[in-house]
Amino acid sequence: MLSESLIAKLRGAESVCVLTGAGISAESGVPTFRGEDGLWKKFKPEELANFDAFISNPDLVWEWYAYRRRIIQEVKPNPGHHALVELEKRIPDFTLVTQNVDNLHRRAGSNHILELHGNIERSYCIDCRTFDSDIDVKELKGVPRCKKCGGLIRPDVVWFGEILPLAVLSEAVSAASRCDIFFSVGTSAIVYPAASLPYTALEHGAYVVQINREHTDLSLSAHETMLGKAGDILPQLVEALDKHPRGGV
Ligand code: BV8
Ligand code: ZN
């Protein structure tokens, strides 16, 4: 159930910024990282999602990414992803910032997407940086090699200790700085600098709403925390906008 203040804010909002995390893809069947069934339960991030781990054991890291890519090939966007596509159509200045690398927002039809942590479906050679997007993970045996120079190929995702794509990050910071409403959806809000975005929005006077299955550190600062599934709550935002057409506050 949406609060009266959120409905009023939505009706008057010119600019909205949404940050999503693994929780929005959970209902599609993509495991999250830190939840009860999280990926990190079976694997340790320091063993896998960092460059040194890749160099010392590229086959193991690729086994993990190939496993995740196979899951992503089998799943499809869920009502949470689709609701964000609809919101984008209704809000004049709408920015979707995602920590997810699963490409589900794009497959759902979102246009203006900022991928802070890269995209698992892209890969590149660590020596000559040639991109190779036709790696067949079904047949993959060990780390793929660059067709051009024989170098190791890595997934085009941001690992721990690696800097985020700076142009993408600065566009996300400016969207968070100018928005009227900031939504943090399906994220444990602990990975920085992505997790700093809702605080940037707060500092600039935005109304910050967290939509998540459980409380996080952000619960202490957000104006509202709506505990529940993204796939249930996000469509309510679209319904509210259609029931109370935008304009009056
Ligand atoms: C960097 C790889 C420095 C891709 C990932 C302060 C400033 C800067 C950096 C740091 C800092 N403090 C610490 C750091 C280091 C580190 C960091 O933040 N560590 C954390 C753990 C403390 N940050 C970095 O290393 C970043 N790099 O800043 O480099 C630098 C600076 C200059 C020069 C050189 C270097 C890089 C961060 C990116 C790391 N890459 N993954 C991949 O394999 O996917 S992080 C990993 O966690 C994923 O990418 C994911 O995107 C990210 C966040 O996880 P969530 O999406 O939040 O998922 P999670 O499972 O945690 O939570 C899901 C939530 O959903 C839960 O709360 C659950 O309740 C909820 N949920 C579940 N189902 C639903 C739901 N909600 C709604 N509906 C549902 N149905
Ligand atoms: Zn190469």
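Caption draft 1: The arrangement of the coordination of the zinc ion (ligand 2) in detail. In the first shell of the zinc ion (ligand 2), the protein supplies Cys125 (SG), Cys128 (SG), Cys146 (SG) and Cys149 (SG), at 2.2 to 2.3 Å from the metal. Because the angles between the four donor atoms bound to the zinc ion (ligand 2) fall within 102 to 120°, the donor set is best described as tetrahedral. Mapped onto the polypeptide sequence, the residues donating to the zinc ion (ligand 2) form the spacing pattern C-x2-C-x17-C-x2-C. Residue Cys125 is located in strand β4 (residues 118-125), and its partner Cys149 is located in the loop between β4 and β5 (153-157); the two are separated by 24 residues in the primary sequence. Here Cys149 falls in the partly exposed class, since its relative accessible area comes to 42%.

Caption draft 2: Summary view of the sheet that holds strand β2 (residues 93-98). Pairing is parallel in the open sheet, where six strands are placed in the order β3-β2-β1-β6-β7-β8. Of all the strands in the sheet, just β3 (113-115) and β8 (224-227) have a single pairing partner and so form its edges. Across the sheet, the mean angle from the axis of one strand to that of its neighbour is 15°, orientation sign disregarded. Contacting β6 (181-185), β7 (207-212) and β8, helix α1 (residues 4-12) crosses the sheet at an angle of about 120° to β6.

Caption draft 3: Quick look at the site of ligand 1. Not every one of the 35 residues close to ligand 1 is listed here, only the nearest: Glu27, Arg34, Tyr65, Thr187 and Ser188. In the environment of ligand 1, a nitrogen atom lies 2.7 Å from a nitrogen or oxygen atom belonging to the side chain of Glu27. Between ligand 1 and Ala230, the relevant distance is 2.9 Å, taken from a nitrogen atom to a main-chain nitrogen or oxygen of the residue. Contact with the protein chains hides 76% of the accessible area of ligand 1, taken as 1,500 Å² for the molecule alone. Mapped by element, the contributors of at least two residues to the shell around ligand 1 are α2 (23-26) and α6 (58-74). Looking at the shell around ligand 1 element by element, the count peaks at three residues for α6. Split by domain, the residues of the shell around ligand 1 number at least three in each of domain 1 (4-30 + 77-117 + 164-243) and domain 2 (38-74 + 122-157).

Definitions and limits used
- Residues numbered from 1 in each chain as written.
- Chains lettered and ligands numbered in written order.
- Predicted model: local features only at pLDDT ≥ 70, side-chain atom pairs only at ≥ 80, totals over all residues.
- Heavy atoms only, no water.
- Donors = N, O, S within 2.8 Å, 3.2 Å for Na, K, Ca; no water.
- Tetrahedral: all angles 85-135°; square planar, octahedral: opposite > 155°, others 65-115°.
- Helix = DSSP H or I, 4+ residues; strand = E, 2+ residues; numbered from the N terminus.
- Buried < 20%, exposed > 50% of the residue type's maximum accessible area, 1.4 Å probe, protein only.
- Pairing = 2+ DSSP bridges.
- Axes fitted to C-alpha atoms, helices over the stretch in contact; angles between N-to-C directions.
- Contact = heavy atoms within 4.5 Å.
- Near = heavy atom within 4 Å.
- Polar contact = N/O pair within 3.5 Å; in protein donor to acceptor, adjacent residues only side chain to side chain.
- Areas by Shrake-Rupley, 256 points an atom, 1.4 Å probe, with all protein chains shown as cover.
- Domains from an automatic or database assignment.

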